[in-house]
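Here is what each chain is made of, one letter per residue.
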Amino acid sequence: MIIIRKVAELLDFVGHQKETGHSIGLVPTMGALHAGHLSLVERAVKENDCVVASVFVNPTQFNNPTDLATYPRKEEDDFKLLAEAGVSAVFAPSVEEIYPGGPEAQPRHEFELGEAAEVMEGKFRPGHFQGVAQVVSILFRLCSPTRAYFGEKDFQQIAVIRNMVKSEGIDVDIVACPIKRADDGLALSSRNALLTGRQRKVAPEIHKTLAYSVDYAKDHSIRATHDTVVERIDAIPEMKVEYFEIVDARTLLPVEEWDESPWIVGCITVYCGSVRLIDNITYKNTF
Ligand code: PAF
């Protein structure tokens, strides 16, 4: 595996792969890798001739400076894991390399991300998806991937990236990969490393409650299902639900009746102490 820090080097590497007729799988990450990321890499390795993983904590998608400052960074461990997983090249640029002159100096470009970007994360983290679209579109331009791999824990992010790819006319296959969970059900996330012992003990209640609510939903309304999830999680002293929305999985817009859409998911964000955890569950998919 080669480690690439500079855009020019990456363009050389990608150019060579393209000349050789190789397909390129891209796995964009912000590092602090866990088994969830490695499952994306594993799939990318199976489906492509060459896999590029990026490790870049993108400042433009953080609307909270403390969140950016405390985001876990473990570059050496990440490189080791990526090499073992069969990645051909890791792109780990500096902020200056991606945003010459700094993020504020970049030409203003408002991405058309659709209504899917206005709800949930879009509402609670203003500017977040514009930042995600900005960095992902740069990575797509530099890597010209055949396929790009994203985890379904960030369910809304995948929908927004699909909208970005469409509105920017980028030719790439977006591959959505299932959530990886710890044995106790907690969705794997780089942020889990920030949980205290006690918080880590109670955090699996998020998935447990969502899983319970799938059964509950069989004979209750969307409103009742929503309320029971929020009440159960908020009853745990360390936890506070920021939002829980039951939505059409294709538009990410709220639904009011179970028969309103063939594909319905519940998306949740919970503060466990000061750590922001997200998860989701499928209630129905006959799509
Ligand atoms: O999901 C993430 O880790 C990030 O949002 C991504 C896609 C790597 C862009 O910075």
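A short tour of the structure in this document, coming up. (Residues numbered from 1 in each chain as written. Predicted model: local features only at pLDDT ≥ 70, side-chain atom pairs only at ≥ 80, totals over all residues. Heavy atoms only, no water.)

**Details of the sheet that holds strand β9 (residues 275-285)**
Then comes step 1: An order of β7-β8-β9 is seen for the three strands of this open sheet, with the pairing classed as antiparallel. The open sheet terminates on both sides in strands that have one partner only, identified here as β7 (239-248) and β9. Here the strands of the sheet are splayed against their neighbours by 15 degrees on average, with no regard to which way each runs.
Then comes step 2: Bridging between strand β8 (residues 263-272) and β9 involves 10 bridges; their strand directions are antiparallel. Counted as the bridge partner of Ile264 is Lys284 from β9.
Then comes step 3: Sheet contacts for helix α10 (residues 205-216): β7, β8 and β9; angle to β9, the most-contacted strand, approximately 20 degrees.
Then comes step 4: Of the strands in this sheet, β7, β8 and β9 touch helix α11 (residues 222-234), which is tilted by about 160 degrees from β7. (Pairing = 2+ DSSP bridges. Helix = DSSP H or I, 4+ residues; strand = E, 2+ residues; numbered from the N terminus. Axes fitted to C-alpha atoms, helices over the stretch in contact; angles between N-to-C directions. Contact = heavy atoms within 4.5 Å.)

**As for the nonpolar core**
Soluble globular proteins tend to pack their nonpolar side chains together in the buried interior.
Then comes step 1: With 47 residues, the main nonpolar core has Val52, Phe91, Phe140, Ile174 and Leu252 as its most contacted residues.
Then comes step 2: If you look at the next biggest cluster of nonpolar residues, it comprises 26 residues, including Leu186, Val229, Trp258 and Ile268. (Core = buried A, V, L, I, M, F, W, Y, C linked by side-chain atoms within 4.5 Å. Buried < 20%, exposed > 50% of the residue type's maximum accessible area, 1.4 Å probe, protein only.)

**Brief notes about the pairing of β9**
Then comes step 1: When you tally the buried positions in β9, you get eight out of 11 residues, the bulk of the element.
Then comes step 2: Taking the residues between adjacent antiparallel strands as the criterion, β8 and β9 are bridged by two residues, where Gly273 takes a positive phi near 65 degrees.

**So, the layout of surface pockets**
Over the atoms, a rolling probe the size of a water molecule traces out where space has been left empty.
Then comes step 1: The space that makes up the largest pocket amounts to roughly 590 Å³.
Then comes step 2: Lining the largest pocket we find 21 residues, and of these Pro103, Gln106, Pro107, His109 and Gln134 sit closest to its centre.
Then comes step 3: By residue number, the principal contributor to the lining of the largest pocket is helix α7 (residues 128-143), which donates six residues.
Then comes step 4: Class assignment of the residues belonging to the lining of the largest pocket gives a composition of eight nonpolar, eight polar and five charged. (1 Å grid on protein atoms, 1.4 Å probe; cavity = no way out; pocket = protein on both sides within 12 Å on 5 of 7 lines; lining within 4 Å. Points joined across faces, edges and corners; volume = space filled by probe spheres on them. Nonpolar A, V, L, I, M, F, W, Y, C, P; charged D, E, K, R; others polar.)

**Brief notes about the side chain of Thr225**
Then comes step 1: Here Thr225 is to be found in helix α11.
Then comes step 2: Under the relative-accessibility criterion, Thr225 is labelled buried at 0%.
Then comes step 3: Of the polar contacts made by the side chain of Thr225, one reaches the backbone oxygen of Ser221; its length is 2.7 Å.
Then comes step 4: Leave out the neighbours within four places in its chain, and Thr225 touches Ser213, Tyr216, Ala217, His220, Phe244, Ile246, Trp258 and Tyr283. (Polar contact = N/O pair within 3.5 Å; in protein donor to acceptor, adjacent residues only side chain to side chain.)

**As for unusual backbone geometry**
Then comes step 1: The backbone phi angle of Ser144 is positive, close to 40 degrees, even though this residue is not glycine.
Then comes step 2: Of note, Ser144 is situated in the loop between α7 and β5 (147-151).

**Remarks on the packing of α7 against helix α8 (residues 155-168)**
Then comes step 1: Where α7 meets α8, the closest approach of the two axes is 10 Å, and the angle between their N-to-C directions is 60 degrees. When the axes of α7 and α8 are compared, the pair comes out oblique. The hand of the α7/α8 crossing is right-handed. Only Gln156, Gln157, Val160, Ile161, Met164 and Val165 of α8 make contact with α7, whose side of the interface consists of Phe129, Val132, Ala133, Val136, Ser137 and Phe140.
Then comes step 2: Along the lines of polarity and charge, the residues of the contact of α7 with α8 split into nine nonpolar, three polar and no charged. (Parallel < 35°, antiparallel > 145°, perpendicular 65-115°, else oblique. Left-handed = near helix turned anticlockwise from the far one by under 90°.)

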